[in-house]
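Below are the chains, spelled out letter by letter.
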Amino acid sequence: MRIECVADTKCTLGEGPVWDERTGQLYWVDIKAPAIWRLDPKSGATQSWPMPHRVGAIAQRERGGFVAAMKPGFAFVDTAAKVEVIARPEANLPSNRFNDGACDAQGRFWAGTMDDDEKAPTGHLYRLDPGGNVTRFNAGFVITNAIRWNAAGDRMYFVDSAARTIWVYDFDLEHGEPGHRRVFAQLTDADGWPDGLCVDAEDNVWGAHWGTGRITRYAPDGRKLQTIAIPAPN
């Protein structure tokens, strides 16, 4: 298998790829040199929009622009890259910031928070409803990451990077409620740390490893099916 770099953008902390199926373009964020990036795979052209705050994740809005998980809270980013913070659920935790996030099949945006120094267990899991209401769920994480669902929408995967754990929740898609939680995959020191993940059309889970330059494909029951080396440690 040949792996090649398609956008040599030198991001400080590039994360959260979002594919725009309407335009055939790829978006992602640079968290620590805050910006939203875009790649046109046909031409190879890239473009970036600087952000005023650290931005952990974005998702597309039906009316254009993005909903974003940022240092101050949840925000809308319009097509001119203007930022409007709409909710500040952790105004009392100035050392926290939002990290990874994604939309479920009902259009609710989920994102986790974390201690920006990656030491204190102050991270929480949040749900932003289309109407603007914010609900907090589990707490006590150091580094929250990678929220994704299976095709049926009855399983939610969530990464606890500092604990080297990928969790899976029973998920109530209709009401947007995570239920019973269990370990899906537990990584060892030699595996590095679990980071981003996605779920493919066969409900296999692809997890990226921070620190060991690889991606692992897991079956829905957690069995390791494949490991792919990536020419980048993180």
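This text follows the structure it describes.
Quick notes on the rules
- Residues numbered from 1 in each chain as written.
- Predicted model: local features only at pLDDT ≥ 70, side-chain atom pairs only at ≥ 80, totals over all residues.
- Heavy atoms only, no water.
- Helix = DSSP H or I, 4+ residues; strand = E, 2+ residues; numbered from the N terminus.
- Rg over C-alpha atoms; globule rule 2.2 N^0.38 Å.
- Buried < 20%, exposed > 50% of the residue type's maximum accessible area, 1.4 Å probe, protein only.
- Lys, Arg positive; Asp, Glu negative; His and termini not counted.
- Charge placed at Lys NZ, Arg CZ, Asp CG, Glu CD.
- Pairing = 2+ DSSP bridges.
- Axes fitted to C-alpha atoms, helices over the stretch in contact; angles between N-to-C directions.
- 1 Å grid on protein atoms, 1.4 Å probe; cavity = no way out; pocket = protein on both sides within 12 Å on 5 of 7 lines; lining within 4 Å.
- Points joined across faces, edges and corners; volume = space filled by probe spheres on them.
- Polar contact = N/O pair within 3.5 Å; in protein donor to acceptor, adjacent residues only side chain to side chain.
- Contact = heavy atoms within 4.5 Å.

Draft legend 1. Representation of the overall build of the protein within the structure. When helices and strands are tallied, the protein shows zero helices and 20 strands. Here the protein has a C-alpha radius of gyration of 17 Å; the compact-globule value for 234 residues is 17 Å, and the two agree. Projected onto the principal axes, the alpha-carbon positions of the protein cover approximately 45 × 40 × 35 Å. Residues classed as buried in the protein amount to 46% of the 234 residues present. Positive and negative side-chain charges in the protein, numbering 26 and 31 respectively, have mean positions lying 3 Å apart.

Draft legend 2. Looking closely at the sheet that holds strand β9 (residues 96-103). Taken together, the four strands give an open sheet; going across it, the order is β9-β10-β11-β12, and neighbouring strands pair in antiparallel fashion. The strands lining the two open edges of the sheet, one partner per strand, are β9 and β12 (134-141). Pairs of neighbouring strands in the sheet enclose a mean axial angle of 20°, with direction left out of account. Where β9 meets strand β10 (residues 109-115), six bridges bridge the pair, whose relative direction is antiparallel. Residue N96 lies in a different strand from β10, and its bridge partner there is D115.

Draft legend 3. The arrangement of the sheet that holds strand β15 (residues 165-172) in detail. Pairing in this open sheet of four strands is antiparallel, and the strands run β13-β14-β15-β16 from one edge to the other. Edge positions in the sheet fall to β13 (144-149) and β16 (177-186), since each has one partner strand and no second. Adjacent strand axes in the sheet meet at a mean angle of 25°, parallel and antiparallel pairs treated alike. Where β13 and strand β14 (residues 155-160) come together, five bridges link them in antiparallel fashion. Bridging across to β14, I147 finds its partner in F158.

Draft legend 4. Local environment of empty space enclosed by the protein. Following the criterion strictly, the structure yields one cavity of 30 Å³ or more and no others. Empty space within the largest cavity amounts to approximately 40 Å³. In terms of lining residues, the largest cavity is bounded by V159, I166, L187, P194, D195, G196, L197, G207, A208, H209 and Y218. Secondary-structure elements contributing two or more residues to the lining of the largest cavity are β17 (193-199) and β18 (205-210). Broken down by element, the lining of the largest cavity gets its largest block of residues, four residues, from β17.

Draft legend 5. Structural detail: the side chain of D104. Along the chain, D104 turns up in the loop between β9 and β10. D104 gets classed as buried once you look at its relative accessible area, which sits at 7%. Of the polar contacts made by the side chain of D104, one reaches the side chain of W110; its length is 3.0 Å. Non-local contacts of D104, meaning those with residues more than four positions away in its chain, are made with W110, W149 and F171.

Draft legend 6. Representation of the pairing of β10 within the structure. Along β10, seven of the seven residues are buried, which leaves the element largely enclosed by surrounding structure. Burial of β10 is two-sided: the residues F109, A111, T113 and D115 facing one way and the residues W110, G112 and M114 facing the other way are all buried. If you look at the hairpin formed by β9 and β10, you'll find five residues sitting between the two strands, and G107 has a positive phi there, around 85°. Sheet topology places β10 next to strand β11 (residues 123-128); four bridges connect them, and they run antiparallel. The residue of β11 that forms the bridge with W110 is R127.

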